[in-house]
Amino acid sequence: MDETALRNRLAGLHIPALRYYDTVGSTNDVALDWILNGAPDLALVVADQQETGRGRLGRPWLTRPNSALAISLVIRPTSAEAQQLALFSPLAGVSLHQVLTEKYGIQAEIKWPNDVLINRQKVAGILVEAQWEGQTPLGLVIGIGINIAPSAVPPADQLLFPATSIETAAGGPVDRLDLLHDLLASLLEWRPRLGSEEFFKTWESNLAFLKEAVRIESGGGQVYNGIVLGIDPDGNLRLLEPTGSEVRIAAGDVRLRPAEGSSTTATES
Ligand code: BT5
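For the rest of this paragraph, the subject is the overall build of the protein chain. When helices and strands are counted, the protein chain shows 7 helices and 12 strands. When its C-alpha atoms are laid out on the principal axes, the protein chain stretches across 55 × 45 × 30 Å. Within the protein chain, buried positions represent 51% of all 269 residues. Relative to all contacts within the protein chain whose residues are 6 or more apart in sequence, the contacts with residues 24 or more apart total 64%. When the accessible surface of the protein chain is split by element, carbon and sulfur atoms take 48% of a total near 12,200 Å². In the protein chain, which carries 22 positive and 32 negative side-chain charges, the distance between the mean positions of the two groups comes to 2 Å.

The structure is reproduced here in structure tokens:
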């Protein structure tokens, strides 16, 4: 990635500080460290390649050179935003979804809690982390990894869930810098509407597996089977269990996948 071209392309967005790396361990680590050393709101870390990129629960996130986007955006939350930290991951999902739909005509879906899918394959992963001082969040890092070119997609044996790239869906080349610009612009537009009715509506209506049967494994080993009903105002997933009762599952350490053998879309009743 050409750093000068990157800076020029983002110039209109008024990003106050930008650090670019050809290769880095994890952009989230750079951003988390930067928060302790004065990173302003909307400071941005971009890397062409990550050597120790990570997902949730210590899982790896692979970012190969010249084919992907790996970024971390610093948020210094306002006191209102500090009450809604769980919504920053869907903020990134909703923003990327909007860009894919509106700029590229790609039908993407948001997989609760933190992925963006195209054709039911993972095209992007989101990892939000924070630096705390006692009970106060000093800063958040929104980490986003996106497969742009097919060569960004790891081999199937390194994946827990099928993956794809934007170019595969677009059927042609996609300019990484344009995509990054549009993603950040979309995120900046959505941010003041975090937690609004419009935000939840947009998130929920583009939710993957809505009204379908899924199996969810929580990090604690608990397994839920049921039909996805939607999202509650705290960002929890609402699931209708076979017993007819509704459970709400908090984001965090969960794995969600289609229920085995269920290709059916559940009906509303
Ligand atoms: C995520 O975790 O999906 C969050 C990924 C966040 C990555 C960004 S890149 C910029 C920033 N810096 C970082 O170090 N991280 C963030 P999770 O839901 O736990 O998914 C991890 C799983 O995704 C892995 O176990 C693999 O199965 C799969 N995976 C790894 N690399 C992938 C890729 N490039 N494309 C699709 N799937 C991938």
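That was the structure; now back to the text.
Turning next to the site of the ligand. Lining the immediate surroundings of the ligand are 30 residues, of which Ser26, Arg54, Arg59, Lys122 and Leu160 lie closest. Taking Arg56, its main chain carries an N or O atom lying 2.9 Å from an oxygen atom of the ligand. Leu160 is positioned with one of its backbone polar atoms (N or O) 2.8 Å from an oxygen atom of the ligand. Burial of the ligand by the surrounding chains reaches 98%, relative to a free accessible area of 800 Å². Secondary-structure elements contributing two or more residues to the shell around the ligand are helix H2 (27-36), strand S3 (68-75), strand S6 (121-133) and strand S7 (136-147).

The final tally for this structure, using the stated rule, is 17 salt bridges. Between Arg120 and Glu109 there is a salt bridge; the shortest N-O distance is 2.9 Å. Separated by 11 residues along the polypeptide, Arg120 in the loop between strand S5 (115-118) and S6 and Glu109 in strand S4 (residues 108-111) bring together distant segments of the chain. With a relative accessible area of 29%, Arg120 lands in the partly exposed category. The salt bridge involving Lys122 is made with Asp115; its shortest N-O contact spans 3.0 Å. Across the pair, Asp115 and Lys122 agree in class, each one buried.

Before going further, it helps to spend a moment on the sheet that holds S4. Strand order in the open sheet made by the 7 strands is S1-S2-S3-S7-S6-S5-S4, with mixed pairing throughout. The outermost strands of the open sheet, each flanked by one partner alone, are strand S1 (18-24) and S4. When the angles between neighbouring strand axes are averaged without regard to direction, this sheet yields 20°. Here S3 runs beside S7; their pairing, made up of 8 bridges, is antiparallel.

Think of two packed helices as two axes; the pair is described by the angle between the axes and how far apart they sit. Here helix H4 (residues 88-104) crosses helix H6 (residues 176-190) at 125°, and the two axes come no closer than 8 Å. When the axes of H4 and H6 are compared, the pair comes out oblique. Handedness of the H4/H6 crossing: right-handed. Between H4 and H6, the contacting residues are Leu91, Ala92, Val94, Ser95, Leu96, Gln98, Val99, Leu100, Lys103 and Tyr104 on the first element and Asp178, Leu179, Asp182, Leu183, Ser186, Leu187 and Trp190 on the second. Of the residues assigned to the contact of H4 with H6, the class counts are 11 nonpolar, 3 polar and 3 charged.

A separate point is the confidence of the model for the protein chain. Taken residue by residue, the protein chain gives an average pLDDT of 92. The fraction at 70 or more is 94%. In the model, residues 262-269 has pLDDT below 50 throughout and makes 8 contacts with residues more than four positions away in sequence or in other chains.

A word on the packing of aromatic side chains. Under the criterion given, the structure shown has 4 aromatic pairs. In textbook terms, an aromatic cluster arises when at least three aromatic residues are bridged by ring pairs, as seen for Trp190, Phe199, Phe200 and Trp203. Across from the ring centre of Phe161, 4.5 Å away, lies the NZ or CZ of Lys111, which sits over that ring. In this arrangement the basic side chain of Arg193 is found over the ring face of Trp190, its NZ or CZ atom lying 4.0 Å from the centre.

With that out of the way, let us pick up helix H7 (residues 197-205). For H7, every residue scored as buried is listed here: Phe199, Phe200 and Trp203. Buried residues of H7 fall within an arc of 90° about the axis and therefore sit on the same side. The outward face of H7, more than 90 degrees from its buried face, is lined by the exposed residues Glu197, Lys201 and Ser205. The elements touched by buried residues of H7 are H4, S4, H6 and strand S9 (223-231).

Moving on to the nonpolar core. Counting 64 residues, the largest nonpolar core has Leu100, Ile142, Ile146 and Trp203 as its most contacted members. Contacts of Leu100, omitting those with residues within four sequence positions, involve Gly105, Ile106, Ala108, Val116, Ile118, Val123, Ile166 and Leu179. Formed by 13 residues, the second largest nonpolar core is a distinct cluster that contains Ala17, Ala31, Ile35 and Ala47.

This paragraph deals with the environment of Leu96. Examined against the element boundaries, Leu96 turns out to sit in helix H4. Owing to a relative accessible area of 1%, Leu96 belongs among the buried residues under this scheme.

Conventions used here
Residues numbered from 1 in each chain as written. Predicted model: local features only at pLDDT ≥ 70, side-chain atom pairs only at ≥ 80, totals over all residues. Heavy atoms only, no water. Helix = DSSP H or I, 4+ residues; strand = E, 2+ residues; numbered from the N terminus. Buried < 20%, exposed > 50% of the residue type's maximum accessible area, 1.4 Å probe, protein only. Contact = heavy atoms within 4.5 Å. Areas by Shrake-Rupley, 256 points an atom, 1.4 Å probe, with all protein chains shown as cover. Lys, Arg positive; Asp, Glu negative; His and termini not counted. Charge placed at Lys NZ, Arg CZ, Asp CG, Glu CD. Near = heavy atom within 4 Å. Polar contact = N/O pair within 3.5 Å; in protein donor to acceptor, adjacent residues only side chain to side chain. Salt bridge = Lys/Arg side-chain N within 4 Å of Asp/Glu carboxyl O. Pairing = 2+ DSSP bridges. Axes fitted to C-alpha atoms, helices over the stretch in contact; angles between N-to-C directions. Parallel < 35°, antiparallel > 145°, perpendicular 65-115°, else oblique. Left-handed = near helix turned anticlockwise from the far one by under 90°. Nonpolar A, V, L, I, M, F, W, Y, C, P; charged D, E, K, R; others polar. pLDDT = per-residue confidence, 0-100. Phe/Tyr/Trp six-rings, centres within 6.5 Å; stacked < 30°, edge-to-face > 60°. Lys NZ or Arg CZ within 6 Å of the ring centre and 35° of its normal. Arc of directions from axis to C-beta. Core = buried A, V, L, I, M, F, W, Y, C linked by side-chain atoms within 4.5 Å.

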